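Here is what each chain is made of, one letter per residue.
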Amino acid sequence: MNNRFLRISILLMGLTAAAITASSALAKPGNTENGEKIYAKRCVICHGAEGDGQGAATELLNPPPRDFTAALYKIKTTGFDDIVPNDEDIMRMIHDGMPGTAMPGWADILQEQEIWDLVAYLKTFAGLEEEIPTEQLDYGQQVETSAESIAKGKKLFHESDRCSECHGEDGKGDATKRLKGDAGERTWPRNLTKPWTFRGSNDPKDIFARISVGIAGTEMPSFADPESKKKLSIEDRWHVANYAASLMKTDKVVRAENTVVKADKIEGEVPDSPDDERWQQSEPTSFFLVPQIIAKQRFFTPSNDTITVRAMYSNTDIAFLLEWDDRSQSLLGSKEAETIADEPMSEDAVAIQLPVSIPEGVEKPYFGMGDASHPVNIWYWKSGTTDKPESIALTNSKGFKDIEQRNTEAAGIVSKSQYRNGTWKVVMKRPLGTREVAKDIQFTKGKFIPIAFAAWDGSNSEKGSKHTMTTWYWLLLKPAASSKPLIWALIVMLLIIAAQFWWQKSARPA
């Protein structure tokens, strides 16, 4: 009896200790006074001294900084109608940052306790320092990803335009209506094919949370709201989460090691249409697009963030396929396009920049439209309007103010485009060599040629110097595959076999 009592006592003591430990780990108390000091040093420039999102950098950021006084948090795992987040939610936003915004992750700069101190201070802006969440998100039983679950999620996604109304047919965010945040700012729906931009992460569990709770301050609603006509059950939300995760395009992820556009040599004519199936055999390379902040007018609020490039060449010509996701086709003269666009709307556009002469050493032209000693060719495509078709122009530039307009037809540059479900595809084609050797790049196989890109989203009022761009990367016209290495390999193999045969024969006893 005594032994039994002893075992029960030890068990109760262990459970109590575990409960205390769990409670302490859950609480993660922060020091508000220290959090205020960290905020003043790290956060005030964007979020403002009063925490209302009106810092010095606010006008340069899209989306704008979070207004902490409104208690609207984009990552939340409490109930959909509970304004109080878990401390861990705020901690995560500070620790990891917010993809697709100017909010960085602070894990490399702040200690864990400093982040908890900051959490404690941020809650004071909305008077939440003493508040405790009353409801937690019910994850139910997670539905594992499968072909069946993805198929069900796809059906629910498109049913009555439940999700496709904003996220588009293919999930690229090509909305059919203009969206605004609670502060009146322009917002763009998430492009679900770009996994690095997801709020929280692209894990189905995080996607489930966003579907269930919604994203405060935006038009992303809660699909757990019982009063919503588009309400989804827990199981259905898992199906939609699995479908959304399946839309991710991993072949277009930007990889730091991929700095070269590799052009394959082909027989016959190069493709001149985006629909040509041969493009699928060409290796894609993706690059980040960043805002142009070098020349006036500087640009800080982009909507396009990546571009994917393929290239092929023949004995006579070279062709590029430029592909980038654009949530709207900026067709001037179209009332439908104008209802989605910011004013003033311009044409969508894209450009390729190349040096006039291939550098022999490491020195390249200045990547912002060249310089006096190193001019560049710029192939500039525009999408057209309801009254005029797409066009392509050729300019030579020695800097932002020294620009020469060239005859595109004489240089042999042609283009063809396609816009479909939130994606532009543009083919640009030109002969490898031109008559004006002193003014045009002469493409040479086997050499690393500097190449850069720029893009304009007309619905985001991008025009002229207001655009996104890349730095210099490289173009390589890969030499055609030769049969000589194979022949030499066969000769070496035969010599080795002959040597082995001779050695075996000579090693036999007489």
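Residues numbered from 1 in each chain as written. Predicted model: local features only at pLDDT ≥ 70, side-chain atom pairs only at ≥ 80, totals over all residues. Heavy atoms only, no water.

## Focus on the pattern of salt bridges
Then, in step 1: By the definition in use, this model includes 20 salt bridges.
Then, in step 2: Here K478 ties to D264 by a salt bridge, and the two come within 2.9 Å at their closest N and O atoms. Taken as a pair, K478 in the loop between β16 (473-477) and α12 (484-507) and D264 in strand β3 (residues 260-265) lie far apart in primary sequence, 214 residues in all.
Then, in step 3: Salt bridges here are not isolated pairs; linked through shared partners, they connect R92, D96 and D206. (Salt bridge = Lys/Arg side-chain N within 4 Å of Asp/Glu carboxyl O. Helix = DSSP H or I, 4+ residues; strand = E, 2+ residues; numbered from the N terminus.)

## Concerning helix α6 (residues 147-158)
Working note: α-helix, 3.6 residues per turn, so residues spaced by three or four point in the same direction.
Then, in step 1: Taking 1.5 Å as the rise per residue, α6 with twelve residues should run 16 Å; its terminal C-alpha atoms sit 17 Å apart, in good agreement.
Then, in step 2: Turning to α6, its buried residues are S149, G153, L156 and F157. On an axial view of α6, the arc spanned by its buried residues comes to 105°, and they lie on one face. Across α6 from its buried face, at more than 90 degrees, point the exposed residues A147, E148 and K155.
Then, in step 3: Next to the buried residues of α6 lie α7 (164-167) and α9 (234-246).
Then, in step 4: Positive phi shows up at S160, right after α6, with a value of about 55°. (Expected span 1.5 Å × (residues − 1). Buried < 20%, exposed > 50% of the residue type's maximum accessible area, 1.4 Å probe, protein only. Arc of directions from axis to C-beta. Contact = heavy atoms within 4.5 Å.)

## Some words on a nonpolar patch on the surface
Then, in step 1: A cluster of nonpolar residues, L60, I293 and F300, forms a patch on the protein surface that exposes about 250 Å² of accessible area.
Then, in step 2: Its place among the elements puts I293 in the loop between β5 (290-291) and β6 (306-313).
Then, in step 3: I293 gets classed as partly exposed once you look at its relative accessible area, which sits at 44%. (Patch = residues over 30% accessible without salt bridge, like charges linked within 9 Å, V, L, I, M, F, W, Y side chains within 5 Å. Areas by Shrake-Rupley, 256 points an atom, 1.4 Å probe, with all protein chains shown as cover.)

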